[in-house]
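Commentary on secondary and tertiary structure
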Amino acid sequence: MDWKMLVLGSLFNLVEPVLTVAAALSVQSPFLRSAQHNPDCSTARQPLHSNQGDPLTLLNTFNAWVEVKGERGGGSRKWCRRRGLEEQRLYEMVNLRRQFKELLKSHGLLETQLNTPSGGDRGQRRQRLTERRKLHQLKRDHELQEGGKRKVLKLEEEGEFSSGSDAEDAGRGKKDRDSTGQNVDIQEVKFKLRHNVWELQEAASSSQDLSSRQQALLKLLLCRGLYPQLALPDEHNTSRKDSDQIFHTRNKQGVVIHPTSVFASDPEVLQVPEHETREIGPDKRDSSRHQLLAFVTLLETNKPYLSNCVRVPALQALLLVANSVDSNADCTRLVVDGWLELELTDTEGALKMLSTALTLRADWERLLLAQLGQQGPAEGLAGPGVSRRDMEKLMDGLVRFLLYTEVSYSLRRLTAFQTQNMYIGPQAEPELSQTAAPNINPLFPGVEAKPHPIKGGLRVTGFFTYNCLADSKDLYSECLRTFWTCPNCDLYMPLTPLERMQHEATCRPAAEQQQQEGEPESGQTSSSSASSLNRVYHCDVCDEDLNLTSTEILKHKRQHMYSAAR
């Protein structure tokens, strides 16, 4: 999970928050269970909470702790105790965060800063050097003092919210004070020697106030890193009290949220408002606000608990990260990974949303391969081998898709009985030649649309299979073409859903095409990509073999339609 998040964070220019979240999710939670029922701790924790999920709450906690370390140093221990936090876990986070950052640098996924912020004049640099010498001396004195002592285990009474490590460190500090006349916090000494506090403060400030755009992308990266660990809220949660909220995973039903999660005290944010839902059948509610929980662990104790959860929009997240998406003929019914069913009421909106998701995923995978394929930073690039302009275009598309796409749909978990006869199955060759349009070009270069050997239908991409679901609608409805106007090239023709998605994947706005043609470097790339989309098309009217793209073929057919009408 961690390596997925780290690579994606370097791709989307969210390295600092992703490093912190990945480190926080890799250690034990710093929130002490004993502080849950303390009103003072709950009040002090409140500014750290995020209703988006536990990873963002951990991010806020770490950033606030770093700010305290930079301002007060040793006062961070008191700050942690007031909030019921175990500071040792935060030390583990910052150490692991540094290891992750060095790992990215060693693989060329993060640029190494040549000019470290030494800052200041000669006097300030001498002062910092003197301070580091003092810290090294304190560490050596502490190691010598502890090395000559016999290790004895003691059962000591601790404070209500102090951890074992805190009590041990406090005892060590007291011993150092008796021998040297100073109160030494060895954890603080090691922290200052190992980490650049100024750099940590800069990283914390950059990820402290994330915009809605950055927050949406960060949640998407978390969802993809945690996938397939998703949980679906029960349809009857609105009638249950907070502690009885139930969720369902693919392999486990009736799980609940861990009491330390932010959603345990605020479950309303996971429920769809009643005024935004429309009941369309038994246990089916139509809305555009359905949500899923991406979780880190499923903890089995007296109850199955979900811990470290983040909420994501259901339809948008599934279309962008799912391993398998199956559709019916008009794409109004989707089955994701064989256990989640989505039914969309608007055929036009369903086609547009699915086509957009397919295009975004293709661009995402292409840029991710480019990020991993090269190992050196280049000028004008968002990352190794990735064009900044292409990266900005992808991020804008993902943000619009996540935040500003509203399509009403129903969401439910399929039972074992409902999945028994879900697919139409493989078809005979004569039948398949009638249902599948001849000469179907792949939606994306390098992917060939072929009949699925088990589900039936057509496998359009590695994760999307078209018209393989058996439902009450006509299985041959893909042959019923509907007129559609392309917003980019003004093409107006009767097309099947597959032909329309194919056209939208290859057609680009005129302004974007002119911009690509105007750039000399990208001109060769665009021409090569266009040539990869070309295929030999035999026109029965002209009786010629033409080498055209899918868009050019449709335009060529339209010319014959207009000439025949005249």
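1. Notes on the pairing of strand β9 (residues 333-336)
What you see with β9 is no split at all: Arg333 and Val335 on one side and Leu334 and Val336 on the other are buried throughout. One ladder, built from three bridges, connects strand β8 (residues 325-327) with β9; its direction is antiparallel. Across the sheet, residue Ser327 finds its bridge partner in β9, namely Leu334. Sheet analysis places β9 next to strand β10 (residues 340-344), joined by four bridges and oriented antiparallel. The residue bridging Leu334 from the neighbouring strand is Leu342, located in β10.

2. Comments concerning the environment of Lys455
For Lys455, the position within the fold is in the loop between β14 (450-451) and β15 (458-459). Since its relative accessible area comes to 14%, Lys455 is described here as buried. Beyond its immediate sequence surroundings of up to four residues, Lys455 is in contact with Ser324, Asp326, Tyr423, Ile424, Gly425, Pro426, Thr465 and Cys468.

3. Things to note about the sheet that holds strand β2 (residues 247-248)
If you trace the five strands from one edge of the open sheet to the other, you get β2-β1-β6-β7-β3, paired in mixed fashion. The open sheet has two edge strands, β2 and β3 (256-257), and neither has a second partner. In the sheet, strand β1 (residues 230-233) pairs with strand β6 (residues 291-300) via two bridges, with the strands oriented antiparallel. Across the sheet, Ala231 pairs through a bridge with Leu293, a residue of β6. Where helix α13 (residues 314-321) meets the sheet, it contacts β1, β6 and β7 (304-313), and its direction lies at approximately 95° from that of β7.

4. A closer look at a negative patch on the surface
Taken together, Asp540, Asp543, Glu544 and Asp545 make up a surface patch of like negative charges. Among the structural elements, Asp543 can be located in the loop between β19 (535-539) and β20 (544-548).

5. What to know about the nonpolar core
Ranked by size, the top nonpolar core spans 103 residues in total, and within it Phe12, Trp65 and Trp364 carry the most contacts. The leading source of residues in this core is helix α14 (residues 347-373), at 10 residues. Phe12 has contacts with Leu217, Leu221, Trp364, Met391, Leu394, Met395 and Leu398, leaving out every residue within four places of it along the chain.

6. What to know about helix α4 (residues 54-72)
Given a rise of 1.5 Å per residue, 19 residues ought to cover 27 Å, and the 26 Å separating the end C-alpha atoms of α4 matches this to within 8%. Burial within α4 is extensive, with 15 of its 19 residues counted as buried.

7. Description of the packing of aromatic side chains
The final tally for this structure, using the stated rule, is three aromatic pairs. Taking the centre distance of 5.4 Å and the plane angle of 85° together, the rings of Phe12 and Trp364 count as edge-to-face. In this pair, Phe12 sits in the loop between α1 (2-11) and α2 (15-24) while Trp364 sits in helix α14, placing the two residues 352 residues apart along the sequence. As far as the burial class goes, Phe12 and Trp364 line up, both buried. What links up through ring pairs into an aromatic cluster is the set Phe62, Trp65 and Tyr91. Over the face of the ring belonging to Trp364 we find Arg224, whose NZ or CZ atom lies 4.4 Å from the ring centre. One Lys or Arg, Arg361, reaches over the ring of Phe463 and ends 3.6 Å from the middle of that ring.

Conventions we followed
- Residues numbered from 1 in each chain as written.
- Predicted model: local features only at pLDDT ≥ 70, side-chain atom pairs only at ≥ 80, totals over all residues.
- Heavy atoms only, no water.
- Buried < 20%, exposed > 50% of the residue type's maximum accessible area, 1.4 Å probe, protein only.
- Helix = DSSP H or I, 4+ residues; strand = E, 2+ residues; numbered from the N terminus.
- Pairing = 2+ DSSP bridges.
- Contact = heavy atoms within 4.5 Å.
- Axes fitted to C-alpha atoms, helices over the stretch in contact; angles between N-to-C directions.
- Patch = residues over 30% accessible without salt bridge, like charges linked within 9 Å, V, L, I, M, F, W, Y side chains within 5 Å.
- Areas by Shrake-Rupley, 256 points an atom, 1.4 Å probe, with all protein chains shown as cover.
- Salt bridge = Lys/Arg side-chain N within 4 Å of Asp/Glu carboxyl O.
- Lys, Arg positive; Asp, Glu negative; His and termini not counted.
- Charge placed at Lys NZ, Arg CZ, Asp CG, Glu CD.
- Core = buried A, V, L, I, M, F, W, Y, C linked by side-chain atoms within 4.5 Å.
- Expected span 1.5 Å × (residues − 1).
- Phe/Tyr/Trp six-rings, centres within 6.5 Å; stacked < 30°, edge-to-face > 60°.
- Lys NZ or Arg CZ within 6 Å of the ring centre and 35° of its normal.

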